[in-house]
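# Residue-level structure breakdown
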Amino acid sequence: MKVIETKIPGVKIIEPDCFGDNRGWFMETYSTAKYEAIGIDNVFVQDNQSMSAKKGTLRGLHFQNNPMSQAKLVRCTRGTVIDVAVDLRKGSPTYKQWVSAELSAENKRQFYIPRGFAHGFLTLTDDVEFEYKVDNLYSKEHDRGIRYDDPEISVDWGGLLKGLDPILSEKDMNGPLLADSDVNFMYEGEK
């Protein structure tokens, strides 16, 4: 598989090997040994899947506070999204910086997001299915979010929101700015 390092150390774009013939295709979507070899040694304990019916649906920016923070390995299995990871680790050299990747059923890319990051995505097509592995169980008590349009972070969202109102949940519409959030991530150096 091909690994693409991003401008934020630890956040990776992964292109799994895909083998096709006249019947279709096959790929390993996860292998402990292969992922450990590229520095992803998380023990994933929960798989999640979402479906977004309309283009322009924005989910995020979400995270879980410590001690229930989560690393995520995400992919889009139907349609196309712009996926974003925001570094929320106070003291990090990349604090408040973000990176994005286009994920689609066609390109089969995955995006690895370590603990200490907020995550969100914007659907670029109708009928998007999105899957992710997490290394900690869901905890309502620790579930948090910040505004997708926080000016302190300035996620571009690929310029796709110009003149558009994204389709948001009530939670995302009313999320706090980072300055008003109780995010509790601290930078502990790179692995």
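First things first, this report covers the structure right here in the doc. (Residues numbered from 1 in each chain as written. Predicted model: local features only at pLDDT ≥ 70, side-chain atom pairs only at ≥ 80, totals over all residues. Heavy atoms only, no water.)

## Section: the environment of R144
The cut-off we apply is this: Helix numbers and strand numbers start at the N terminus; a helix is a DSSP run of H or I with at least 4 residues, a strand a run of E with at least 2. The classification of residues rests on relative accessible area computed with a 1.4 Å probe and restricted to protein chains. Under 20% of the type maximum is buried, over 50% is exposed, and intermediate values are partly exposed. We call two residues in contact when some of their heavy atoms are within 4.5 Å.
Inspection of the secondary structure puts R144 in strand β13 (residues 143-145). By relative accessible area, R144 is classed as partly exposed at 22%. Setting aside its immediate chain neighbours within four residues, R144 contacts L61, H62, F63, N65, K171 and D182.

## Quick look at the sheet that holds strand β11 (residues 117-123)
Using the following cut-off: One bridge is not enough; two strands pair if DSSP finds at least two bridges between them. Orientation is described by axes fitted as lines to C-alpha atoms, over the contacting stretch for helices, and by angles from 0 to 180 degrees between their N-to-C directions.
In space, the 5 strands of this open sheet follow the order β9-β8-β11-β6-β13, with antiparallel pairing throughout. Strand pairing shows two members of the sheet lacking a second neighbour, β9 (98-104) and β13, which therefore form its edges. Averaged over all pairs of adjacent strands, the angle between their axes in this sheet comes to 25°, without regard to strand direction. In this structure, strand β8 (residues 80-87) lies alongside β9, joined through 7 bridges in antiparallel fashion. Residue D83 lies in a different strand from β9, and its bridge partner there is A101.

## Describing the sheet that holds strand β12 (residues 128-134)
Taken in spatial order, the 6 strands make up an open sheet running β1-β2-β10-β7-β12-β5, and their pairing is antiparallel. Bordering the open sheet on either side are β1 (2-5) and β5 (46-52), each of which pairs with just one other strand. Ignoring strand direction, the axes of neighbouring strands in this sheet form an average angle of 20°. When strand β7 (residues 72-78) meets strand β10 (residues 110-113), the two strands line up antiparallel, connected through 4 bridges. Looking across to β10, one finds that V74 is bridged to F111.

## Side note on the pattern of salt bridges
For the record, the criterion: Throughout this description, the term salt bridge denotes a Lys or Arg side-chain nitrogen within 4 Å of a carboxyl oxygen of Asp or Glu.
If you walk through the whole model with that rule in mind, you get 13 salt bridges. For E15, the salt bridge identified is with R109, shortest N-O distance 2.8 Å. Of the two residues, E15 sits in strand β2 (residues 12-15) while R109 sits in the loop between β9 and β10, which places them 94 residues apart along the sequence. Of the charged contacts, one joins E28 and K34 as a salt bridge, the two residues approaching to 3.0 Å between their closest N and O atoms. A relative accessible area of 43% means that K34 is categorised as partly exposed.

## Things to note about the packing of aromatic side chains
Rule in force here: Only rings of Phe, Tyr and Trp enter the pairing, Trp through its six-membered ring, and a pair is recorded when the two centres are within 6.5 Å. The plane angle decides the type: under 30 degrees is stacked, over 60 is edge-to-face, the rest tilted. Charge over a ring is defined by NZ of Lys or CZ of Arg lying within 6 Å of the ring centre and within 35 degrees of the ring normal.
Applying the stated criterion to the full structure yields 5 aromatic pairs. Both rings, one in Y30 and one in F44, keep their centres 5.5 Å apart while their planes meet at 85°; by these two values the pair is edge-to-face. Placement of Y30 in the loop between β4 (24-27) and α1 (32-37) and of F44 in the loop between α1 and β5 is noted, with a sequence separation of 14 residues between them. The exposure class assigned to Y30 is partly exposed, which follows from its relative accessible area of 23%. Between F121 and F130 the ring centres are 4.0 Å apart and the planes differ by 20°, which places this aromatic pair in the stacked class. Of the two residues examined, F121 and F130, each falls in the buried class. The structure contains a cluster of three or more aromatic residues connected by ring pairs, namely Y30, Y35 and F44. Its guanidinium or amino end placed over the ring of W25, K108 lies 4.3 Å from that ring's centre, counting from NZ or CZ. Over the ring of Y30 we find K133, and its NZ or CZ is 5.5 Å from the ring centre.

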